Each structure stands twice: as C-alpha cells, then as structure tokens.
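Examination of the molecular architecture
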Amino acid sequence: MNIQWYPGHMTKAKRMMQEDIKLIDLVIEILDARLPKSSRNPDIDELGKNKARLIVLNKADLADEAVTEEWKQWFESKQMHVITVNARSGAGIRQMDKVIQEACKEKIERDRKRGILNRPIRAMVAGIPNVGKSTLINGYAGKACTKTGNKPGVTKGKQWIKMSKTLELLDTPGILWPKFEDPEAGLRLAFVGTINDQIIQTEELALEFIRFMEQSYPGVLKERYYPQTEPADTLFLGAGSQYANEITILNQIALSRSCKKKGDEPDLEKAAAILFDDFRQGKLGKITLERPVL
C-alpha cells in the first residue's frame, strides 16, 4: 500500500510555524511512543534548528516498554531531552516543568547575565495529527485550554497559552509532510489512526498489520481472538496469494467476533475495524511498530 495524505490546511500551518519560530526558545515535539520515527515530521528538525529540543513520547502506556527505553537512549544520543507520558491519564506530565527548565538552562543563564529576570520561556508544541498534543497541553495546564478529539486535524490554528509566569506555550496544528519517502511510515501511521480512516482500504491495511504482528509479536492475535482453535502452524497454511496467511487470520477474527454478511459470508471489513480498535485501545497488549537503528 502506498499511503499519502496532506490536506491543504497543513501547508498554511507549516508557513505559520516558520514565521513564529523566531519567537521560540524551545521546541516540544510530541511523538507517538509506538512509532517514534514514523510520527516525526522531518520538517521539525529543520524548523527547530539551533533551538532547545524536548521529545515527548506520548501514549507510552500503549508501547512496548523495552523498545521505548531504546528510543529514549536514541534521542538522548542526539542531544535531545526526552520524557515518556500518557497524556490521557496524566502519567508523566509532572516531569515537564523540571525537564523544560533543564532544556532551557543555557537560555535562562544568558538572560541572567544580561540582567533579564523572569522572562518566560516560550515553547512551541509541535507534532503530527492525532498524536495527543492538545490532550497533553490540557493535562499539563490542568484545564481545557484546547480542543481535543480522537480524529486527526482537530487543531486548525495556532494558540498561545500562558501556563505560568515562567512558561508560555504555542500550540500549533498537526502537520504531516507532503510525501512519505518511506512507504512503511505511511502504513504505520495508518495503523495508529493518524491518517484518516475514511481514505484507507481498511481490509487491505488489516492484512499488512496482521503480517507485522505475526512477524514481531507472534501468538498475540491467536491468544486474543481464537485461543481454543488448532495450532497456528496448521491453521494458517495457505497458497496462491501473497496474503493467503493473513486472509486466513482475518477470516478467523471475523468468525470469532461473529462478523458476517448475508449468506454467512465473513465480513472482513468489520473484522478489520475491530482489529484496529483493539490495537489502538491497547487490548492487544503493549506494541511498538518500529525500533531505532542504534
């Protein structure tokens, strides 16, 4: 599958961020802990050049903890500060004050030497759609400052938020980049729902996801959907299609969840929707879709 999605408002949002970056001391980049590489907009590195950087690995509760630790080490090796959070529950958000001060200590020291005291740190919060930026800001502020939603593209314009006397945040719309150089990145973003489900062939996407799960987390799907059936090595024999094995598994998921069309034909599209809902809600366990190259 070759997935591309770049709504027109994202061009305007990127231009707006380029104009505002001169006002900024710190770029806070929110990433999805399940896919830290694929959820990074490569434009942010260029945009935030020569600025202090803080990486926030959000949705860490859904990610494989051992792999998240690998990612933390990888980002730290690039001289970036890193924290892990679950913005929805608030876990980890209290770390932010301390880490922001640490990330901006050179700026604070420069101000002090110039006799500038108590000037607030100005931080731009950036990230791709549906990564949890607004939920994080609201949790950090302790009140609803921004709109939130479980669909990409809720935040459409910039918004300054005064957090305290020492910190101001600039919330920005989620932006993707015009072309995914790595087709796997587009797939992974579609897996977690960053790319609007309405433009995706859900059934075909599910086959790709099943292939990933069988390679990286074997046995998880069987345990979730059909633990009492015969062993996977005999159940999943298939031939003739590159997706023969995956189609067999999707059929089994449909059967286990009573997803049927008229005539008792398995409803694979409905089974695919159930599979992705379970994955995105963490019902398949803690899963990370990619590892860093150390």
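This structure is a prediction, so every number in the text was calculated from the model and none was measured. (Residues numbered from 1 in each chain as written. Predicted model: local features only at pLDDT ≥ 70, side-chain atom pairs only at ≥ 80, totals over all residues. Heavy atoms only, no water.)

Notes on the overall build of the chain
Inclusion rule: In this text, helices come from DSSP runs of H or I with a minimum length of four residues, and strands from runs of E with a minimum of two, each type numbered from the N-terminal end. Classification of residues uses two cut-offs on accessible area relative to the type maximum, computed with a 1.4 Å probe and protein chains only: under 20% is buried, over 50% is exposed, and between them is partly exposed. Every accessible area reported is derived by Shrake-Rupley at a probe size of 1.4 Å, with residue values counting cover from the shown protein chains alone.
Assigned secondary structure in the chain consists of 12 helices and 6 strands. Counting across all 294 residues of the chain, residues that qualify as buried make up 49%. Of the roughly 15,000 Å² that the chain leaves accessible, carbon and sulfur atoms contribute 47%.

Considerations on the confidence of the model for the chain
Applicable threshold: For every residue, the predictor states its confidence as a pLDDT score lying anywhere from 0 to 100. By definition, residues are in contact when any of their heavy atoms lie within 4.5 Å.
Looking at the chain as a whole, the pLDDT averages 84, with 81% of positions reaching at least 70. The secondary-structure element of the chain with the lowest mean pLDDT is helix α10 (residues 232-235), recorded at 45, while strand β3 (residues 81-84) shows the highest, at 97. Considering only residues more than four positions removed or in separate chains, one finds that residues 147-156, a stretch of pLDDT under 50, has 25 contacts. Contacts of residues 231-240 to residues separated by more than four positions or lying in other chains number 14 contacts, the stretch itself having pLDDT below 50.

What to know about the sheet that holds strand β6 (residues 167-171)
Convention followed: The rule for pairing is simple: two strands pair if DSSP sees at least two bridges between them. Under this scheme, a helix contributes an axis fitted over its contacting stretch, all axes are lines through C-alpha atoms, and angles between N-to-C directions fall in the 0 to 180 degree range.
Taking strand neighbours across the sheet as the criterion, the 6 strands line up as β3-β2-β1-β4-β6-β5 in an open arrangement whose pairing is mixed. In this open sheet, the two strands that pair with only one neighbour each are β3 and β5 (159-164). On average, each strand axis in the sheet is inclined to that of its neighbour by 25 degrees, with strand direction left out of account. With 4 bridges connecting them, strand β1 (residues 26-32) and strand β4 (residues 121-126) associate as parallel partners. Bridging from a neighbouring strand, Val27 pairs with Met124 of β4. The strands that helix α4 (residues 95-103) touches are β1, β2 (52-58), β3, β4 and β6; relative to β3, the one it contacts most, it runs at about 175 degrees.

What to know about helix α6 (residues 133-141)
What α6 keeps buried is the set Lys133, Ser134, Leu136, Ile137, Asn138 and Tyr140. Among the structural elements, β1, β2, α4, β4, β5 and β6 are those in contact with the buried residues of α6. Note on α6: the residue one or two positions beyond its end, Gly142, has a positive phi of about 80 degrees.

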